[in-house]
Amino acid sequence: MKKARPLQLGAMAGAAALAILAGWWLVDGLPPADAPDTVVATAATTGPGGAVPATTQPMGDARPTPDAMLNPSLVLIFESALAEAQATGKAAFMAMAPGLLAKRLPAELVARAMGLLERYIDMQEAMQALPPPDAGDPASLRKTIEARAEVRRRYFAPEEIEGLFGDEIRQDALMADKMAIARDANLTPEEREAAAKRSEEALLTPEQREQRRAFTAQVDVQRQTDAMEARGASAQERFAERSATYGYEAARQLAALDQENQDWNNRLDQYANAPPDQQAQLRESLFNERERLRLSGALALRSAKPAPNAAGQTPGRSPS
């Protein structure tokens, strides 16, 4: 008998999934998982300082909403409930859904959330039937975005669409704009940058723009750190380069993070190079409870790295 597969509805929803399907991504790195928020904020705010494609507007299905329940957090709750349920069909999931929602929402909101959840499932099933965009084709991506907008309107009222999916809609539109801008051979690099900035200002809220700016700062900081590690830059060289790029305070905090990571790597080296009969004792003496939970993963990650750096270490980030 063929084994039933769990119900999976939201795995390919949103701008990130459309970008992957279209063969496009805005960044080619990820932020360091352990970089302090203050470093990111400082780096984001203290750095030195033709014909353009028209900005895509959201597809007509977003309207202002005063309803506090209608926000993207509810979609995350729905996805969390789906992931926990591992149900093999809509009927089985909906039977479990009241209990799952009750764990995540106040009791008085569960009944209303159930109605929204059922329509969300139906909408996502309809979305999955849509053909994916052609890789690298802005026009195909816009066509997919429009088709998704039409599906949303089938199941939700305008104020529900704005509250639940408005951020996603704007991110999708921005993705299509940036793809078109990047592939316009008639634009100079300066014109592309200006067009992308206008698109962000037209489509994203100030909060979304700040989130993107902070994320970009994280990516830039990590790329710079990786490059400095690859050439074996000294602590003085790192501080000078970071200070020139991000300012003194960000450079100071990043230096502290470097020291923390160096300490972590030294302890990992001591543990990994110890005889097996001593490792149990070192595990307790060298690492706190949180670090011990991540020790196996950290060692596996280090073993997958190609070569040690100029200091003779295989670098890894501290989990603290």
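Chemist: An account of the overall build of the protein chain is requested, with residue identities and associated values reported.
Modeler: Scanning the protein chain from terminus to terminus reveals 13 helices and zero strands. Helices and strands appear in the protein chain in the N-to-C order α-α-α-α-α-α-α-α-α-α-α-α-α. Burial analysis of the protein chain (320 residues in total) assigns 41% to the buried set. Counting every atom, the protein chain has about 17,400 Å² of accessible surface; 55% of that belongs to carbon and sulfur.

Chemist: So what's going on with helix 10 (residues 235-246)? Residues and values would help.
Modeler: The terminal C-alpha atoms of helix 10 lie 16 Å apart, and with 12 residues this matches the ideal 16 Å at 1.5 Å per residue to within 8%. Looking only at helix 10, the buried set comprises Arg 238, Arg 242 and Tyr 246. Considered in projection along helix 10, the buried side chains sweep an arc of 25° and stay on one side of the axis. Turned more than 90 degrees from where helix 10 packs its buried face, Gln 236 and Ala 244 sit exposed. Just downstream of helix 10, Gly 247 is the residue with a positive phi angle, here 105°.

Chemist: Go over the pattern of salt bridges with me, naming the residues and quoting the values.
Modeler: One pass over the structure, following the stated rule, counts 20 salt bridges. When the shortest N-O distance is used, the salt bridge between Arg 148 and Glu 168 registers 2.7 Å. Placement of Arg 148 in helix 6 (residues 138-155) and of Glu 168 in helix 7 (residues 158-182) is noted, with a sequence separation of 20 residues between them. Classification of Arg 148 as buried rests on a relative accessible area of 5%. For the salt bridge of Arg 242 with Asp 258, the shortest nitrogen-to-oxygen distance reads 2.6 Å. Here Arg 242 is found in helix 10, whereas its partner Asp 258 is found in helix 11 (residues 248-273), with 16 residues between them in sequence.

Chemist: Tell me about the packing of helix 4 (residues 90-102) against helix 5 (residues 107-128), residues and numbers included.
Modeler: Contact pair helix 4 / helix 5: the axes reach a minimum separation of 10 Å and the direction vectors enclose 140°. For the pair helix 4 and helix 5, the crossing hand works out as right-handed. In this structure, helix 4 uses Lys 90, Phe 93, Met 94, Ala 97, Pro 98, Leu 101 and Ala 102 to contact helix 5, whose residues at the interface are Val 110, Ala 113, Met 114, Leu 117, Glu 118, Ile 121, Asp 122 and Glu 125.

Chemist: Account for the environment of Leu 101, with residues named and values stated.
Modeler: Tracing the chain through its elements places Leu 101 in helix 4. Between the C-alpha atom of Leu 101 and that of Ala 81, which follows or precedes it by 20 residues, the distance is 6.9 Å. Once residues lying within four places of it in the same chain are set aside, the contact partners of Leu 101 are Ile 77, Phe 78, Val 110, Ala 113, Met 114 and Leu 117.

Chemist: Describe the environment of Lys 178, with residues and values.
Modeler: Among the structural elements, Lys 178 can be located in helix 7. The buried category is assigned to Lys 178, whose relative accessible area is 15%. Between the alpha carbons of Lys 178 and Pro 138 there is a distance of 8.8 Å; along the sequence they are 40 residues apart.

Chemist: Please set out the packing of aromatic side chains residue by residue, giving values where relevant.
Modeler: Counted by the stated rule, this structure contains six aromatic pairs. Relative to Phe 287, the ring of Tyr 271 lies with its centre 5.9 Å away and its plane at 80°, an arrangement referred to as edge-to-face. With a gap of 16 residues between them, Tyr 271 in helix 11 and Phe 287 in the loop between helix 12 (276-286) and helix 13 (289-304) connect regions that are remote in the sequence. Note on accessibility: Tyr 271 and Phe 287 belong to one class, buried. What links up through ring pairs into an aromatic cluster is the set Phe 78, Tyr 120, Phe 156 and Phe 165.

Chemist: Account for the nonpolar core, naming residues and giving values.
Modeler: Grouped together as the largest cluster of nonpolar side chains are 32 residues, with contacts concentrated most on Phe 93, Leu 101, Leu 117 and Tyr 120. For this core, the secondary structure elements donating two or more residues are helix 3 (72-85), helix 4, helix 5 and helix 7. Counting residues per element, this core draws most heavily on helix 5, which supplies 10 residues. Core analysis: the next-biggest nonpolar cluster, separate from the first, contains nine residues, Tyr 271, Leu 286, Phe 287 and Leu 295 among them.

Conventions adopted
- Every residue gets a number counted from 1 within its own chain, in the order that chain's sequence is written.
- For a predicted model such as this one, the threshold for reporting local features is a pLDDT of at least 70, and the threshold for listing and counting side-chain atom pairs is 80 or more; totals across whole chains, interfaces and linings nevertheless cover every residue.
- The side-chain values count all of the structure's non-hydrogen atoms but skip hydrogen atoms and water molecules.
- Segments assigned H or I by DSSP are reported as helices when at least four residues long, segments assigned E as strands when at least two residues long, and all are numbered from the N terminus.
- Relative accessibility decides the category of a residue: with a 1.4 Å probe and only protein chains considered, values under 20% of the type maximum give buried, values over 50% give exposed, and everything between is partly exposed.
- For accessible areas, the Shrake-Rupley method is used with a probe of radius 1.4 Å. Any residue's cover is judged against the shown protein chains and nothing else.
- Multiplying 1.5 Å by the helix residue count minus one yields the expected span of that helix.
- What the arc measures is the spread of directions leading from the helix axis to the C-beta atoms.
- Counted as salt bridges are all cases of a side-chain nitrogen of Lys or Arg within 4 Å of a carboxyl oxygen of Asp or Glu.
- The convention used is that axes are lines fitted to C-alpha atoms, helices contributing only their stretch in contact, and that angles between N-to-C directions extend from 0 to 180 degrees.
- Crossing handedness follows the turn of the near helix against the far one: under a right angle anticlockwise gives a left-handed crossing, and clockwise gives a right-handed one.
- Every residue pair with non-hydrogen atoms within 4.5 Å of one another is taken to be in contact.
- Pairing of aromatic side chains here covers Phe, Tyr and the six-membered ring of Trp, requires ring centres within 6.5 Å, and sorts the geometry by plane angle: under 30 degrees stacked, over 60 edge-to-face, intermediate tilted.
- For our purposes a nonpolar core is just a set of buried Ala, Val, Leu, Ile, Met, Phe, Trp, Tyr and Cys residues, chained together by side-chain atoms within 4.5 Å.

Treat this as a map of the structure, not an account of what it does.
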